[in-house]
Amino acid sequence: MAFTIKIYEKNEYLYSLLKKRLISFYPDAYIVNPYLDRQDYADRFSTYTRVIYDPADINISDIPHSSTSPIRLTEDSGIIDCSRLIQLLKYNEESPVGIRPVSGSMYAVLPFVYSDERDRFIRDFSSDLQDADFNVRLDFTSKLRALWKGSVRSNMTSLLDACRSKKFVPEDILKYCNMDDYGFLTPGSTTNYDDVYDAGIERSKALITHAADLAHSKSQFVNVLAVIEGFRTQDLPELLCSCDKVSILLPAKSAEEDIGAQDLITMLTKTLGKERVSVVYMSNSYGSDNLEDSLDNRRLVV
């Protein structure tokens, strides 16, 4: 059953993150922003409409009277909790909506450690992924940092080229993969050292979106692990917005490293949400350290 979700949010970037997050749970919904989409074409094909509003942008009294039970975007703390929004959208007594089941998960690892430490973490991590039909690893790295070299025809370069096609579907990722020593299906490394970066950030975004769709497919149980290195910090939020969990690997907890990593941790926490981001210090037996409560929690998307 098609329905419309209207999000009254003037921050275009925040709206784009919310839209990507909600569409994975409600693939049949039309998601629009009345501030950006002046024409209500979606309403013509919808059986009903739900409204999410940002109290910083609009008063509930200014929302059209035809809207049923408008949902406040932020909590009193200013945090945007997507899990709360999903539940409120789901339990609409007048027009119930079935939530899309998620079989697998999309993981990302941001390593700031030596490649052998990174791959030890991934090896240990893979032991928790035993129940899936497939576990896929995608190395968005230079050829020098990729662990498994793969074949000439089926490699990361070929996969990045293939995902440009409009005919490309998420399941096509599996066609470019072979089994590595850790039990992951992977295309391996690129043909040339910098093919991931030469292809451009939009190509990596497209492939990660396809990978997330594969992980969230209802037809099979697939986990995807993306190893992401060498990208500009400002590109990371959009690159990672489709991921369910993001692990940042740091060498050790020290004052100098905390200062250098704090901006990155804060930025990703604000855009992805505290529950989706973890920091792992490799010197602590790969233990995960909780983020400090002092992080600015304004308008987190979790």
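Please refer to the structure placed before this passage.
Residues numbered from 1 in each chain as written. Predicted model: local features only at pLDDT ≥ 70, side-chain atom pairs only at ≥ 80, totals over all residues. Heavy atoms only, no water.

(A) Quick peek at the overall build of the protein chain. Scanning the protein chain for helices and strands turns up 8 helices and 12 strands. Taken across its 302 residues, the protein chain has 51% of its residues classed as buried. Within the protein chain, residue pairs in contact and separated by at least 24 positions form 75% of the contacts whose partners lie at least 6 positions apart. Total accessible area on the protein chain stands at roughly 15,000 Å², and carbon and sulfur atoms take up 49% of it. (Helix = DSSP H or I, 4+ residues; strand = E, 2+ residues; numbered from the N terminus. Buried < 20%, exposed > 50% of the residue type's maximum accessible area, 1.4 Å probe, protein only. Contact = heavy atoms within 4.5 Å. Areas by Shrake-Rupley, 256 points an atom, 1.4 Å probe, with all protein chains shown as cover.)

(B) Structural context of the sheet that holds strand β1 (residues 4-8). What the 4 strands build is an open sheet, ordered β2-β1-β3-β4; its pairing is parallel. Edge positions in the open sheet fall to β2 (30-32) and β4 (71-72), since each of these has one partner strand only. With 3 bridges connecting them, β1 and β2 associate as parallel partners. Along β2, the bridge assignment pairs Ile 5 with Ile 31. Across the face of the sheet, helix α1 (residues 12-23) comes into contact with β1, β2 and β3 (49-53) while running at roughly 170° to β2. (Pairing = 2+ DSSP bridges. Axes fitted to C-alpha atoms, helices over the stretch in contact; angles between N-to-C directions.)

(C) Quick peek at the pairing of strand β11 (residues 277-281). Of all 5 residues making up β11, 4 are buried, and the element is well covered by its neighbours. Pairing analysis gives 5 bridges linking strand β10 (residues 245-250) to β11, with the strands arranged parallel. Looking at the pairing, Leu 249 lines up with Val 280 of β11.

(D) Representation of the side chain of Ser 142. With respect to the secondary-structure elements, Ser 142 resides in the loop between β6 (134-140) and α4 (156-162). Exposure remark for Ser 142: the relative accessible area of 14% places this residue in the buried category. Not counting residues up to four positions away in its chain, the partners in contact with Ser 142 are Tyr 193, Asp 194 and Tyr 197.

(E) The nonpolar core, seen in detail. Membership of the largest hydrophobic core comes to 42 residues, with the highest contact counts inside it found for Leu 138, Phe 140, Ile 173, Ile 228 and Leu 240. If one sorts the elements of this core by residue count, helix α6 (residues 201-215) sits on top with 6 residues. When near neighbours in sequence (up to four residues on either side) are disregarded, Leu 240 contacts Ala 108, Leu 110, Ile 228, Val 246, Leu 268, Leu 272 and Arg 276. Core analysis: the second largest hydrophobic core is formed by 20 residues, Leu 14, Phe 25, Leu 85 and Ile 86 among them. (Core = buried A, V, L, I, M, F, W, Y, C linked by side-chain atoms within 4.5 Å.)

(F) Inspection of α1 at higher detail. Counted at 1.5 Å a residue, the expected span for α1 with its 12 residues is 16 Å, and the 16 Å between its end C-alpha atoms agrees. Within α1, burial applies to Leu 14, Tyr 15, Leu 17, Leu 18, Arg 21 and Leu 22. All buried residues of α1 project into a common sector of 160° when viewed along the axis, lining one side. Regarding α1, its N-cap is Asn 11, as a side-chain oxygen of that residue lies 3.1 Å from the backbone nitrogen of Tyr 13 further along. (Expected span 1.5 Å × (residues − 1). Arc of directions from axis to C-beta. Polar contact = N/O pair within 3.5 Å; in protein donor to acceptor, adjacent residues only side chain to side chain.)

(G) Summary view of the pattern of salt bridges. Scanning the entire structure with this criterion turns up 11 salt bridges. Taking the shortest distance from any N to any O, the salt bridge between Arg 232 and Asp 235 comes out at 3.1 Å. For Arg 232, a relative accessible area of 52% puts it in the exposed group. Residue Asp 235 is classed as buried on the basis of its relative accessible area of 13%. One continuous salt-bridge network, built from bridges that share partners, spans Arg 118, Asp 119, Arg 137, Asp 139, Arg 145 and Glu 229. (Salt bridge = Lys/Arg side-chain N within 4 Å of Asp/Glu carboxyl O.)

(H) Layout of the layout of surface pockets. Taken as a whole, the largest pocket encloses approximately 250 Å³ of empty space. Contributing to the lining of the largest pocket are 15 residues, with Lys 20, Ile 23, Ser 24, Asp 213 and Ser 242 lying nearest its centre. Mapped by element, the contributors of at least two residues to the lining of the largest pocket are α1 and α6. Across the lining of the largest pocket, the residue classes tally to 5 nonpolar, 4 polar and 6 charged. (1 Å grid on protein atoms, 1.4 Å probe; cavity = no way out; pocket = protein on both sides within 12 Å on 5 of 7 lines; lining within 4 Å. Points joined across faces, edges and corners; volume = space filled by probe spheres on them. Nonpolar A, V, L, I, M, F, W, Y, C, P; charged D, E, K, R; others polar.)

(I) Broad picture of helix α3 (residues 115-126). Spanning 12 residues, α3 covers 16 Å between terminal C-alpha atoms, matching the ideal 16 Å at 1.5 Å per step. All buried positions along α3 are accounted for by Glu 117, Arg 118, Asp 119, Phe 121, Ile 122, Phe 125 and Ser 126. Where α3 is buried, its residues meet β5 (106-111), β6, β9 (222-228), β10 and β11.

(J) Layout of the packing of aromatic side chains. If you walk through the whole model with that rule in mind, you get 5 aromatic pairs. Between Phe 121 and Phe 125, the ring centres sit 6.0 Å apart and the planes meet at 20°, which makes this aromatic pair stacked. Residue Phe 121 and its partner Phe 125 are located together in helix α3, separated by 4 residues, close to a single helical turn. The class of Phe 121 is buried, set by a relative accessible area of 9%. An aromatic cluster is defined as three or more aromatic residues linked by ring pairs; in this entry it consists of Tyr 107, Phe 121 and Phe 125. The positively charged end of Lys 10 is found above the aromatic ring belonging to Tyr 35, 5.5 Å away from the centroid. (Phe/Tyr/Trp six-rings, centres within 6.5 Å; stacked < 30°, edge-to-face > 60°. Lys NZ or Arg CZ within 6 Å of the ring centre and 35° of its normal.)

Function cannot be inferred from these measures alone, as they are strictly geometric.
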